[in-house]
Amino acid sequence: MEIVVCVKQVVDTEAEKKLLAPDWRLDRQSVENVLNPYDEYAVEEAVRLKEAHGGEVTVLCMGPEDAQSAVRKALAMGADRALMVTDPALAGSDTQGTALALSGALAGLTYDLVILGIMSTDAQTGQLPSALGDILDLPVLTALNMMKFEDGSLTVHRQTDQGYVAYGCGLPAVCSVVKGINEPRYPSLKGIMGAKKKPLETKDLAELGVDTARVGGAGALTKVLSTTAPPPRKAGQKIEDDGTAAQRIVEFLAGEKII
Amino acid sequence: MDLSLSDEQRDIMRMTREFTDARIAPRAREWDREHSIPPEVFAELGGLGLWGVCVPEEYGGAGADYLSFIIVLEELSRGDAGLGVTVAVNTSLATLPILDFGTEAQKREWVPRLAGGEVIGAYALTEPGAGSDAASITTTARRDGDGYRLNGAKQFVTNAGIAGVFIVMARTGEAGGGSKGITAFIVDATTEGFTLGREEEKLGINSSSTRGLTFDDAWVPDSAVLGSEGDGFGIAMATLDGGRIGIAAQAVGIAQAAMETAVAYSKDRWQFGHPIAEFQAVRFKLADMDRDIDAARLLTYRAAWLKMMGRPVTAAGAKAKLFASEMARRHTAEAVQVLGGYGYTKEFPAERFYRDAKITEIYEGTSEVQRIVISRELLGG
């Protein structure tokens, strides 16, 4: 089974994020960048499917050259090769632009499955799997917490509030997975040492035959108008105990319809 | 001059830190109380390749460089200093001497298992009557058939209770021969006549095992001799030259953990209407910690780099260990001070860092011995 995992480099979740004017792009220079934590589940699932059914896992990443460190982690976890799509024209791409570039890269790859994380922790749109499936005209199954490949077909579970729904489809297909589908492994030292020896190819848009006018800030179909920080939390109400505190707390909770 | 880490070194640091934060640090308090580390943790370290970081791939190691190993020791010690020294001793004091001085057969027999964590290694030099004066050891090894009979006692052997193999220094020459006539042996823990003493009750690094050894006519074959007969003292000292860099890294890791605890606490703790992190008395303590940890880490990295380059490392390692260990003892005490009454309780990890830091000034050469080493290099004699 040939699997492509799409990964993104994001700003470390622990870091304080800053959006920079004029176009409100995330400041990626002054902070630690990591493999998108949701993508770790996608990489793990792909590697497990490969370990069970054979084949190879290719990591596909759109991003600047510096995003190689995120790609290296996926390789250290057990992926076999990587393709990076790097082009200055891609800066400022929205979901459609990203999907266009990635589908251009996928056209040159052999795959039965494309697996993605549910979303990136920075943009958090969660649209990419659907946009990709749309361009590629493939079945799309999102938010999966179980994937099983048996007798040539794929069975998956999507978690809902009430339980789960089982779906099946033929291949190839595009899937996104949620946190909890597996426990991503820590890359072993052997994995880390071996990652650099695995093939890593970089291609620009011209090599992929993607129209630069349709990607990047210029080709984006949507535009960020402004960003607003959440309002600061109001100070809490303090109740000093003069013997009636319990009563007043109960009244407060009842007033808020909490009890 | 380039002070940046390589991609591999950074990736190894990141992985070890993530692993430590998730799997080690949250359990360190329990291990400190229980005086042990569950065996499944050792297996987990084995799966990640952390027992044999700088061991060549052909002998079952990860094949990373020596600085990567030092970085791993710092990160593990940041989570639990007892686990840090367990790994440090296994690699620095048992695996590397076999790689450096062993025959091909000895390397094939022991190193893959040591690097994979299937067998844990220990190092036995210190005796009840021979600490800093290591050349005065009295454990003997007398020729007997195709081997030697060992008699005597070793003390304060780190990893003793969990080790499958020991590097043991014993006297093959005349009694009172000083550094001459000492031979290093690779002793299998199942050797007849070899017994373990009781677990020492210690101030800190409680998760690690420390016991004495007794040899009562314990027979080992010629193939157990590491290096040549009579070379033991040189092997023991060369091994400690490297081991000290690992202890420096352990001290840096403990101090780093203490600083992180103090920083987090100082931002959360309000007194006089402000987080105490806003008070200069606290800010300056934390600034001093940061400065000294940085300095200790740089000395430690430099010593590791010299070792990787194959350059003399005796004095550089002694400087790193001396500075890092004294720094760790001082600043872990300051971290307790930042936490005040809470720092003195076992609800917070500061007191554990304080207890754990002290040993770094004692083992693998006391601070006084490090000063002997440094001054000998400076002044001769």
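Residues numbered from 1 in each chain as written. Chains lettered and ligands numbered in written order. Predicted model: local features only at pLDDT ≥ 70, side-chain atom pairs only at ≥ 80, totals over all residues. Heavy atoms only, no water.

**Side note on the interface of chain B and chain A**
Move 1: Residue-level contacts link 21 residues of chain B with 15 residues of chain A.
Move 2: On inspection of chain B and its partner chain A, the count reaches 5 salt bridges.
Move 3: In this structure, B:Arg14 engages A:Glu32 in a salt bridge whose closest nitrogen and oxygen atoms are separated by 3.1 Å.
Move 4: Summed over the shared surface of chain B and chain A, the number is 7 residue pairs in polar contact (both at pLDDT 80 or more).
Move 5: Among the elements that make up the side of chain B that touches chain A, the one with the highest residue count is helix α1 (residues 7-34) of chain B (10 residues).
Move 6: Residues that form the side of chain B that touches chain A fall into these classes: 9 nonpolar, 5 polar and 7 charged. (Contact = heavy atoms within 4.5 Å. Salt bridge = Lys/Arg side-chain N within 4 Å of Asp/Glu carboxyl O. Polar contact = N/O pair within 3.5 Å; in protein donor to acceptor, adjacent residues only side chain to side chain. Helix = DSSP H or I, 4+ residues; strand = E, 2+ residues; numbered from the N terminus. Nonpolar A, V, L, I, M, F, W, Y, C, P; charged D, E, K, R; others polar.)

**Some words on the sheet that holds strand β13 (residues 200-203) of chain A**
All names here are of chain A.
Move 1: Strand order in the open sheet made by the 9 strands is β11-β10-β9-β12-β8-β1-β6-β7-β13, with mixed pairing throughout. Edge positions in the sheet fall to β11 (164-169) and β13, since each of these pairs with one other strand and no more. Direction aside, neighbouring strands of the sheet carry axes that sit 30 degrees apart on average.
Move 2: Taken strand by strand, helix α2 (residues 68-76) contacts β1 (3-7), β6 (57-62), β7 (81-85) and β13, and its axis lies near 160 degrees from that of β7.
Move 3: Along the sheet face, helix α3 (residues 95-106) touches β1, β6, β7 and β8 (113-117) and points at about 145 degrees away from the line of β6. (Pairing = 2+ DSSP bridges. Axes fitted to C-alpha atoms, helices over the stretch in contact; angles between N-to-C directions.)

**Let's talk about the pattern of salt bridges**
Move 1: Going through the model one piece at a time under the given rule, you end up with 40 salt bridges over all chains.
Move 2: Its salt-bridge partner being A:Glu51, residue A:Arg185 comes within 3.0 Å of it at the nearest N-O pair. Of this pair, A:Arg185 sits in the loop between β12 (173-177) and α5 (189-195) while A:Glu51 sits in helix α1 (residues 37-53), and the two are 134 residues apart along the sequence.
Move 3: Owing to a relative accessible area of 27%, A:Arg185 belongs among the partly exposed residues under this scheme.
Move 4: Taking relative accessible area as the criterion, A:Glu51 reaches 52% and is therefore assigned exposed.
Move 5: Between B:Arg17 and B:Glu75 there is a salt bridge, with the nearest N and O atoms lying 2.9 Å from each other. Taken as a pair, B:Arg17 in helix α1 and B:Glu75 in helix α3 (residues 66-79) lie far apart in primary sequence, 58 residues in all. (Buried < 20%, exposed > 50% of the residue type's maximum accessible area, 1.4 Å probe, protein only.)

**Things to note about the domain arrangement of chain B**
Residues and elements named next belong to chain B.
Move 1: Taken as a whole, chain B is organised into domain 1 (7-119), domain 2 (122-230) and domain 3 (234-379).
Move 2: The gap between the C-alpha centroids of domain 2 and domain 3 is 30 Å.
Move 3: Contacts between the two partners involve 12 residues from domain 2, matched on the other side by 13 residues from domain 3.
Move 4: The contact between domain 2 and domain 3 buries some 900 Å² in all, and 73% of this surface belongs to carbon and sulfur atoms.
Move 5: At the junction of domain 2 with domain 3, the criterion picks out 0 salt bridges.
Move 6: Seen at the junction of domain 2 and domain 3, the total is 3 residue pairs in polar contact (both at pLDDT 80 or more).
Move 7: Within the side of domain 2 that touches domain 3, the residues separate by chemical class into 8 nonpolar, 4 polar and no charged. (Domains from an automatic or database assignment. Buried area = accessible area lost by both parts, 1.4 Å probe.)

**Concerning the pairing of strand β9 (residues 140-150) of chain A**
Residues and elements named next belong to chain A.
Move 1: In terms of strand pairing, β9 meets β12 through 3 bridges, oriented parallel. Among the inter-strand pairings, Val140 is bridged to a residue of β12, identified as Val174.
Move 2: Both β9 and strand β10 (residues 153-159) contribute to a ladder of 6 bridges, which runs antiparallel. Residue pairing in the sheet places Leu144 in a bridge with Arg158 of β10.
Move 3: In sequence, β9 turns back onto β10 through a hairpin of 2 residues, with Asp151 there showing a positive phi of about 45 degrees.

**Structural notes on the layout of surface pockets**
All names here are of chain B.
Move 1: Quantified by volume, the second largest pocket comes out at close to 1100 Å³.
Move 2: Mapped by element, the contributors of at least two residues to the lining of the second largest pocket are α4 (81-101), β1 (121-124), β3 (147-158), α6 (232-268), α9 (350-358) and α10 (367-379).
Move 3: Tallied by class, the residues present in the lining of the second largest pocket amount to 21 nonpolar, 10 polar and 11 charged. (1 Å grid on protein atoms, 1.4 Å probe; cavity = no way out; pocket = protein on both sides within 12 Å on 5 of 7 lines; lining within 4 Å. Points joined across faces, edges and corners; volume = space filled by probe spheres on them.)

**Focus on helix α8 (residues 314-344) of chain B**
Move 1: For α8(B), built from 31 residues, the straight-helix expectation of 45 Å at 1.5 Å per residue is missed by more than 12%, its first-to-last C-alpha distance being only 37 Å.
Move 2: At B:Val338, α8(B) is deflected by roughly 90 degrees, the largest bend along its length. (Expected span 1.5 Å × (residues − 1). Bend = angle between axes of the 7 residues up to and from the residue.)

**Details of the pairing of strand β2 (residues 140-144) of chain B**
Residue and element names in this part refer to chain B.
Move 1: Pairing analysis gives 5 bridges linking β2 to β3, with the strands arranged antiparallel. The partner of Arg143 across the bridge, within β3, is Tyr148.
Move 2: Between β2 and β3, which follow one another and run antiparallel, lie 2 residues, and Gly145 among them has a positive phi close to 65 degrees.

**Focus: the confidence of the model for chain B**
Move 1: Confidence in the prediction for chain B averages 97 pLDDT; 100% of positions are at 70 or higher.
Move 2: Taken over the whole predicted complex, pTM reads 0.90, whereas the ipTM for its chain interfaces reads 0.89. (pLDDT = per-residue confidence, 0-100.)

**Considering the packing of aromatic side chains**
Move 1: Here the structure, examined in full by the defined rule, presents 10 aromatic pairs over all chains.
Move 2: With centroids separated by 5.4 Å and ring planes inclined at 85 degrees, the aromatic side chains of A:Tyr186 and B:Phe19 adopt a geometry described as edge-to-face. Here A:Tyr186, found in the loop between β12 and α5, pairs with B:Phe19, found in helix α1, and the two come from separate chains.
Move 3: In this structure B:Phe19 comes out as buried when scored by relative accessible area, which is 0%.
Move 4: Ring centres 5.1 Å apart and planes at 70 degrees place the aromatic pair B:Tyr148 and B:Phe185 in the edge-to-face group. Separated by 37 residues along the polypeptide, B:Tyr148 in strand β3 and B:Phe185 in strand β5 (residues 182-188) bring together distant segments of the chain. Both residues of the pair, B:Tyr148 and B:Phe185, belong to the buried class.
Move 5: Taken together, the aromatic side chains of B:Phe166, B:Phe194 and B:Phe215 make up a single cluster linked through ring pairs. (Phe/Tyr/Trp six-rings, centres within 6.5 Å; stacked < 30°, edge-to-face > 60°.)

**Remarks on the side chain of B:Glu351**
Residue and element names in this part refer to chain B.
Move 1: Inspection of the secondary structure assignment puts Glu351 in helix α9.
Move 2: At 3.3 Å, the side chain of Glu351 forms a polar contact with the side chain of Lys346.
Move 3: Polar side-chain contacts of Glu351 include one of 2.7 Å to the side chain of Arg355.
Move 4: Look past the residues within four positions of Glu351 in its chain and what remains in contact with it is Val336, Gly343, Tyr344, Thr345 and Lys346.

**Structural notes on the side chain of B:Lys107**
Residues and elements named next belong to chain B.
Move 1: As for its position among the elements, Lys107 is in helix α5 (residues 104-116).
Move 2: Glu104 is the oppositely charged side chain nearest to the buried, salt-bridge-free Lys107, at an N-O distance of 4.3 Å.
Move 3: Ignoring sequence-local partners within four residues, the contact set of Lys107 consists of Tyr59, Ile98, Leu99, Gly102 and Pro112. (Lys, Arg positive; Asp, Glu negative; His and termini not counted.)

**Considerations on the nonpolar core**
Move 1: Formed by 141 residues in total, the largest nonpolar core has its most connected members in A:Ile3, A:Leu113, A:Ile115, A:Met147, B:Leu50, B:Ile70 and B:Met169.
Move 2: For this core, the element with the highest residue contribution is α6(B), accounting for 17 residues.
Move 3: With 25 residues, the next largest nonpolar core counts A:Leu83, A:Val114, A:Leu128 and A:Val215 among its residues. (Core = buried A, V, L, I, M, F, W, Y, C linked by side-chain atoms within 4.5 Å.)

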